[in-house]
Structures are given as structure tokens and as C-alpha cells.
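Listed here are the chains, written in short residue letters.
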Amino acid sequence: MPNPHDHRLPSAPGHRKIDYRAELNPAQYRAVTTTEGPVLVIAGAGSGKTRTLVYRLAYLVDQGVDPGAILLLTFTRKAAREMLGRAAELMDQPLTQVTGGTFHSVCYLWLRRYGGLLGYGDGFTVMDRDDQGHLLALLKEQLGLKTVQGPFPRKDTVADILGAVVNKRLTLEGVLRDYPQFLPQLRHLDAIAKAYDEEKRRLNLMDFDDLLVQGARLLTEHEEVRRALSERYRYLMVDEYQDTNHLQAELVRLLAYTHHNVMAVGDDCQSIYSFRGANFRNIMDFPALFPGARLIKLEENYRSTQPVLELANAMMVEAREQYTKCLFSRRPDGLKPRLFRPASENEQSRLVVAQVQELRRQGLPLRQMAVLFRAGYHSFDLEIELVRQAIPFMKFGGFKFMESAHIKDLLSYLRVVANPRDTLSWTRLLSLIPGVGRRTCARLTGQMGDGFTLKEARSLLQGQRQAGLKELAGVLEELAGPSQTMVARLNRALEHYEPLMAGRFDDYPKRAKDLEHLLTITARYKELRSFLNDLTLDPPASMADITGVAHDYLTLSTVHSAKGLEWEAVFIIWAAEGRFPVFTMQEREDDTEEERRLMYVAVTRAKRHLAIIFPAAGYNRSLGYTANSPSRFIAGLPRKLLEPWRVEVERG
DNA sequence: GAGACCGACGTTTTT
DNA sequence: CGTCGGTCTC
């Protein structure tokens, strides 16, 4: 049992002695050294939040805490990896024993181990958003709801609605208040919801929400598990607490029930995930969850210059609700943020390219620059321009590489081997075979009952008249071979899939290349199920994530994906009404306020150079060419905070 | 029963 | 503009 009051330092070779008091400011120091009991850290943008977490990891270990007793919960798995890496570097000592990851990924690990207690068979697999949609469409058909009167939500909307029920702790009726046009379908949606839950069970599948729901259920209903995990993880740290929902808060409460050693870190101004059930007020409820929680505020900003910060603060002054803190900077010098109004989208793109080139000439590497936008498609025109000018870039957010059809097709071979009850993947796989369509799929999957095994599946396929199905049975037999490496398996699937793919996609060569690249990340996996579930829980954000990239590149990112990151120079494009805030978020005040926080997050990513850009005219599908107004978050700002710049772009 | 075709529609963020 | 879902033809 680690004793936190034992001040002996571990004598690991090469371990560096850290002077915590000298390397942290007083508030950070308090956050790092308050190791016992609940602590809430309100950490403003750029206030050294990550630094604080990293030092606290080191401090705990320095205090003699067993690294295996530390659980670090972050918003992405990448964030956890980076923090653990930095702490290890700081200490000059590996920290492999610390558990770090997202709520979803740790719940997955626990459910894998204890899922049997909740009636989950061995080998459940995790479904992504796309699978959810397919299953919901299937159920809609099975329930005979294809012919119902009146407007009916599409499958993605149904998924949104059901997700809101779980994540926002609402009734179906409550959620439908936001979708009044679908209120008449309440009964049908309720039927779909029930069927959806049953069907996931039957297919041995969990969706993202199930991981949290079942994880919380596991801890609630099984005292022995709750105790075991609580006693194992004696030190909890939760990052980005403002973006957690009630399920995640409940998980924290359950995990900490034997010791209450929880540090939650977050910033109410940066809550941008309400669509996932997060509420910026949740962070204020932390003291109610853990009475006696100490509150520490980090208000000194180390990232941005004063002019950038003034703009950010001014933006929040206009917010409907006042937030908990005000940022100040020790970097008083600096350039005023600039506002640009190019004539069109393409001029916006060329303007960004020109500015990037100029900064580059001044010696700033591309890695220190980012272009941020509200939605993935906002950067399409810019991407074309960057390719034309041969500027290397990497894009984050928006398009989901792992959900593209060819990737999912290829993985379906492996998914049915990993979980033969997964009739969703069976449907996908069987449909690839020429001569097999909707009916044949339905007939075959209909014969796949409970406890269905791969061996039974193979003999079922063998008995079909289509030669393609017989051949597939052979491929699956090879894939299931116990001694196969992951690379060999994926290769075998690819060998079978490639000729089928050729007929399906016009851009077949490009997609074939994607699949080859996918092979390269396969090598580090030994077990099939871990491989598949890892890809679902922590998908590569882009092709570049897989292939590795040039050492220097410009970042293009959605604001959501830019959370927690920083650059010397930031360009915010499409800062126009209808784009940012997006049209759909202009109706309700809550939504607009979240868009404001999103703009705040975007602005506070900049260290020194900040440019905000909106094209004067834009093309809109329904309206044709229209004039744009600047984003309301920009238009209302005091003039002195922004340098308005005329744009001259040479005609090209 | 498979698969091509056509018209309507809505358009965001992510584990 | 691209996707989705429904219909028509082979």
C-alpha cells in the first residue's frame, strides 16, 4: 500500500530530482502537491493545465505512490499518451504502469474482464457510428416502419436522438422537444429504441454509449468490482472535466468511493461538447459530488500575448453567463489580431496561403501554424490551394477515414471472425459477393442464431449455390487460423477484397493505396479483437496518421479537434454568420453560447499571430451567391482590439 | 432477387 | 453536392 506521507524518493537509476516549487507557479504548485482528497482545478486557456497534470503524475510517483495506482482519464487517448510521455521524460523514468485513456477505453478494458457479470458473452466487439446507423435502418425495416405516415427521422438522426436520451439523461419525449416535427413518431421511436437495445445484446455488440452505461452498471451493481477497482486506483485525475457528462461523473464518483482522491481539471469557458451530453455547469457540480473539494484556479496565461488575450476576454464579456475567471498574461507585447475580409472563398484561401508563405519567410516553421474552422468541409477550397502551391499540410477532424466504405468492407472480414454473431458485419461482407443482395443477406443472417460460431457460418456458406460464397468460406477459414499474424490476416482479406473493390469504386487505385497503408499499423497487434476495438476506440485521425508525414507541415483542423493544442500563428477561416456560428446553432440561445465558447477556444489557441477571416460573399446551395456578415462574435467586439486589414489579392 | 436509377433533402462537432 | 431511400427494370 503506498503511503503518500512517505517522502523517500524512489532510487531508480537516472531519476531526476525535480524542484517543484521552482518549476511551477504557486497555484500550479498547490494543485500538484495536494494529493489527498477531492480537488477541482479551474484552468483557464493556456494556464499550464497539462503541465500541472504532468508534474502531478511525477509528484505522486516521487512521493512513493505506486504508478499502477494512478488512473489518468483524458478526452482522447492521444492526450493520455502525450501526458504520460512528458511525465516520463521529466522524471527520466518510464511510467508504463500508469493507466491512462478515455472513459470509453478504460470502461472497455473493465467490461472485457468483467462483462460476464452483466451477461455479455466473451468477445463482444465495439460498433461505431456507421454501424449504429446500419443497425437502426435494419430495425426500422424489420419493425415495418418504412411506410409510416409523416416525416420520420433518418437513421443518423435516430442515432442522435437515442444518444441524447442516454447522454443527457432525458426521456425520449424530452429529447423530441428539440425535434418537434418527429413528435408524432414517439411510439415508433420508442419501439426502435427497445429493439435496438435487444439487438445489440443479441449480436454481442456495444456502441460507444454502452461502454459508459454498462461500465457504470458494472460498478453500481457489483460491489466487489467497485471495491477492487477503487482500491486499485487510489489516485484519479480527470482532464477536460467541463466536457464530461453525467455518466462520466457517475463513473468518477463510483471509482473514488473508497478514498475520494480525485483531481478534476477543466475550464467552464471551453465546454464545447454539449451534443454529447456535456454541460458547462457540470464542472460546478463537482463539489456537490465530492463535498469538501478544494478549489484551485489557474488564471495566469503563459501561451498568448496580451492583445490575443484581450480579444478572447472581450468575447466572453458578451457571454450570457459570466464565467469563473479572467485571464491575464505576462506577455504584454505583441501584435493586434487582424481581421480580413477577402471577396470570396477562393480569395480567402489564397490569402491564407500568402500569409503562411510570408510567416515562413520570416522563419516560422509550418508546424507552428494552424488554420481552424467550424466544420470539416470549410477547408476544402483551401486544401486545393495548398496542394497547388505544394505546401504540406495535415488535416484533423471532419472526415472519418475509418468509416469510409472500403476500410469498413475490409475490416468486416476480420470482424465476423472476431465476433461471428455480428450480423451487421456479416451483411456488409456478404453483400460484397456478386449475386448476393438484400434478400440473400437477410436469409443467411436470419439463420445465424444465438451462440452462432464461425464454423457453423462456414458450413452455411459452403452449402449455398453462389460460388462466391463457397470461396468466401475458404477465405474465412484461413483468416481464423490461430497461428496467423494480424498482417497475414489482413493481407489475405485484402487479396480477396481487391478485385471486388475494383468494380465498386471509381477511385479504386486511391482506395487500394489506403488499404495498403492500413496494413502498416496492423503490425503492432497480436490479437484480432484488440486490433478491431482499438481502431474503433482510437481511430487514426487521417491517412497521414498512418503513413507518417513530412517533418514540417501546416495544421488544418476543426476547432473541436484543436482543443488543448497551441500554435504561434492561427488563422480562423469562415468567421461568418451561418458558418460560425453554423445556421443550425443560431436558433437557441444555449447553442449560440456554445458556439461562442467554441470561438473562444479557437482564439485562445494562438500564441502570437491571430488572423480572423471571412469572405465577403459565399456560395450557398439554396440561395446562390450571397453576401456574408461577419460572425456575431467578431462583429460585436470593440474596434480597438482588432486590426482591420484591407485585402489585395492579385488576380490569378 | 439484384442492382441501376432517380428524386428529395439537409447540410456540425466526436468517443 | 452527396447521401439516402425508394422505385423500376432486368
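A short tour of the structure in this document, coming up. All of these numbers come straight from a predicted model, not from anything done at the bench. Residue numbers restart at each chain and count upward from 1, following the sequence in its written direction. Naming scheme: in the order in which they are written, chains are lettered from A and ligands are numbered from 1. With pLDDT at 70 or above as the cut-off, local features in this predicted model cover only qualifying residues; side-chain atom pairs require 80 or more to be listed or tallied, and sums for whole chains, interfaces and linings still use all residues. The side-chain figures draw on all heavy atoms in the structure; neither hydrogens nor water molecules are used.

A word on the sheet that holds strand β15 (residues 567-572)
Point 1. Strand order across the open sheet formed by seven strands is β13-β14-β12-β15-β16-β11-β19, with parallel pairing between neighbours. Looking at which strands have only one partner, the edges of the open sheet turn out to be β13 (393-396) and β19 (643-645). Here the average twist between neighbouring strands, direction ignored, is 20 degrees.
Point 2. Each pair of strands is called paired provided DSSP finds at least two bridges between the two strands. Labels follow the DSSP assignment, with helices taken as runs of H or I lasting at least four residues and strands as runs of E lasting at least two, numbered in each case from the N terminus. Direction of pairing for β15 relative to strand β16 (residues 606-613): parallel, over a ladder of five bridges. Paired with Ile572 across the bridge in β16 is Ile612.
Point 3. In this analysis, two residues are considered to be in contact whenever any of their non-hydrogen atoms come within 4.5 Å of each other. Interaxial angle, 0 to 180 degrees, is taken between N-to-C directions of lines fitted to C-alpha atoms, where a helix line uses only the stretch in contact. Where helix α16 (residues 380-388) meets the sheet, its contacts fall on β12 (369-373), β13 and β14 (554-558), and the angle it forms with β13 comes to roughly 160 degrees.
Point 4. Across the sheet, helix α26 (residues 589-603) lies against β12, β15 and β16, angled at about 140 degrees from β15, the strand it touches most.

What to know about the layout of surface pockets
Over the atoms, a rolled probe matching the size of one water molecule traces out where space is still vacant.
Point 1. Of the pockets and cavities examined, the second largest pocket occupies roughly 820 Å³.
Point 2. Grid points spaced at 1 Å and placed over the protein atoms alone form the basis of the search, with a cavity being a set where a 1.4 Å probe fits but cannot get out and a pocket an open set showing protein on both sides within 12 Å along at least five of seven lines. Lining residues have an atom within 4 Å of a point. What lines the second largest pocket is a set of 31 residues, and nearest its centre among them are His134, Leu138, Thr427, Arg438 and Cys441.
Point 3. Residue assignment for the lining of the second largest pocket shows that the elements contributing at least two residues are α6 (129-142), α9 (186-202), α17 (405-418), α18 (423-430) and α19 (438-446).
Point 4. If you tally residues by element for the lining of the second largest pocket, the top one is α6, at seven residues. Grid points are joined across faces, edges and corners, and a volume is the space filled by probe spheres set on the points.

Structural notes on the packing of helix α5 (residues 103-114) against helix α10 (residues 208-221)
Point 1. Two elements in contact, α5 and α10, have axes separated by 9 Å at closest approach and are oriented at 60 degrees. Classified by the interaxial angle, the pair formed by α5 and α10 is oblique. Crossing geometry of α5 relative to α10 is assigned as left-handed. Two secondary-structure elements touch here, α5 through Phe103, His104, Cys107, Tyr108, Trp110, Leu111 and Tyr114 and α10 through Phe208, Leu211, Leu212, Gln214, Gly215 and Leu218. Roughly parallel here means an angle under 35 degrees, roughly antiparallel means over 145, roughly perpendicular means 65 to 115, and every remaining angle is called oblique. Note on convention: the crossing is left-handed when the near helix lies turned anticlockwise from the far helix by less than a right angle, right-handed when the turn is clockwise.

Overview of the nonpolar core
Point 1. Among buried residues, the Ala, Val, Leu, Ile, Met, Phe, Trp, Tyr and Cys ones that are joined through side-chain atoms within 4.5 Å form a nonpolar core. Between buried and exposed lies partly exposed: a residue is buried under 20% and exposed over 50% of the maximum accessible area for its type, with that area taken using a 1.4 Å probe on protein chains only. Judged by nonpolar contacts, the single largest core of 62 residues is most densely connected at Val371, Leu610 and Ile612.
Point 2. If one sorts the elements of this core by residue count, helix α14 (residues 306-317) sits on top with seven residues.
Point 3. Setting aside residues no more than four positions away along its own chain, Val371 makes contact with Val352, Leu382, Leu554, Thr555, Leu556, Ser557, Phe571 and Ile573.
Point 4. Ranked by size, the runner-up nonpolar core spans 48 residues in total, among them Met402, Leu429, Leu490 and Leu528.

Some remarks on the pairing of β12
Point 1. Across the five residues that make up β12, a large majority, five, are buried.
Point 2. Side chains Met369, Val371 and Phe373 of β12 all project onto a buried face; the interleaved residues Ala370 and Leu372 project onto the opposite face, where all are buried too.
Point 3. Where β12 meets β15, four bridges bridge the pair, whose relative direction is parallel. Within β15, the position partnered with Ala370 by the bridge is Val570.
Point 4. The pairing of β12 with β14 spans four bridges and is classified as parallel. Note on β14: the bridge partner recorded for Ala370 is Thr555.

What to know about helix α24 (residues 528-537)
Point 1. With eight of 10 residues buried, α24 is to be regarded as a mostly interior element.
Point 2. Within α24 the residues assigned to the buried category are Leu528, Arg529, Phe531, Leu532, Asn533, Leu535, Thr536 and Leu537.

Thoughts on the pattern of salt bridges
Should their charged atoms come close, side chains of opposite charge can pair.
Point 1. Between Lys or Arg on one side and Asp or Glu on the other, a salt bridge is scored when a side-chain nitrogen of the former is within 4 Å of a carboxyl oxygen of the latter. Here the structure, examined in full by the defined rule, presents 39 salt bridges.
Point 2. Of the charged contacts in the structure, one is a salt bridge between Glu199 and Arg202, with a shortest N-O distance of 3.1 Å. Placement of the pair is Glu199 and Arg202 together in helix α9, with a separation of three residues, close to one helical turn.
Point 3. Assessed through its relative accessible area of 35%, Arg202 is described here as partly exposed.
Point 4. Salt bridges linked by common partners bring Asp128, Asp130, Asp131, Lys408, Asp409 and Arg428 together as one network.

A short note on empty space enclosed by the protein
Point 1. Scanning all chains against the criterion turns up one cavity of 30 Å³ or more.
Point 2. Around the largest cavity, the lining residues are Arg202, Leu203, Pro420, Arg421, Thr423, Met448, Gly449, Asp450 and Phe452.

Looking at the environment of Val487
Point 1. Inspection of the secondary structure assignment puts Val487 in helix α22 (residues 486-504).
Point 2. The partly exposed category is assigned to Val487, whose relative accessible area is 28%.
Point 3. C-alpha separation for the pair Val487 and Thr520, spaced 33 residues apart in sequence, amounts to 8.1 Å.
Point 4. In this view, Val487 contacts Leu519, Thr522 and Ala523; residues no more than four positions away in its chain are not counted.

Let's talk about the packing of α5 against helix α12 (residues 246-255)
Point 1. As a packed pair, α5 and α12 sit with axes 11 Å apart at the nearest point and diverge in direction by 55 degrees. Overall, the two elements α5 and α12 adopt an arrangement that is oblique. Where α5 crosses over α12, the two elements pack in a sense that is left-handed. Only Gln248, Leu251, Val252 and Leu255 of α12 make contact with α5, whose side of the interface consists of Phe103, His104, Cys107 and Trp110.
Point 2. Looking at side-chain class alone, the contact of α5 with α12 contains six nonpolar, two polar and no charged residues. In the scheme used here, Gly and all other residues not listed as nonpolar or charged are polar, with Ala, Val, Leu, Ile, Met, Phe, Trp, Tyr, Cys and Pro taken as nonpolar and Asp, Glu, Lys and Arg as charged.

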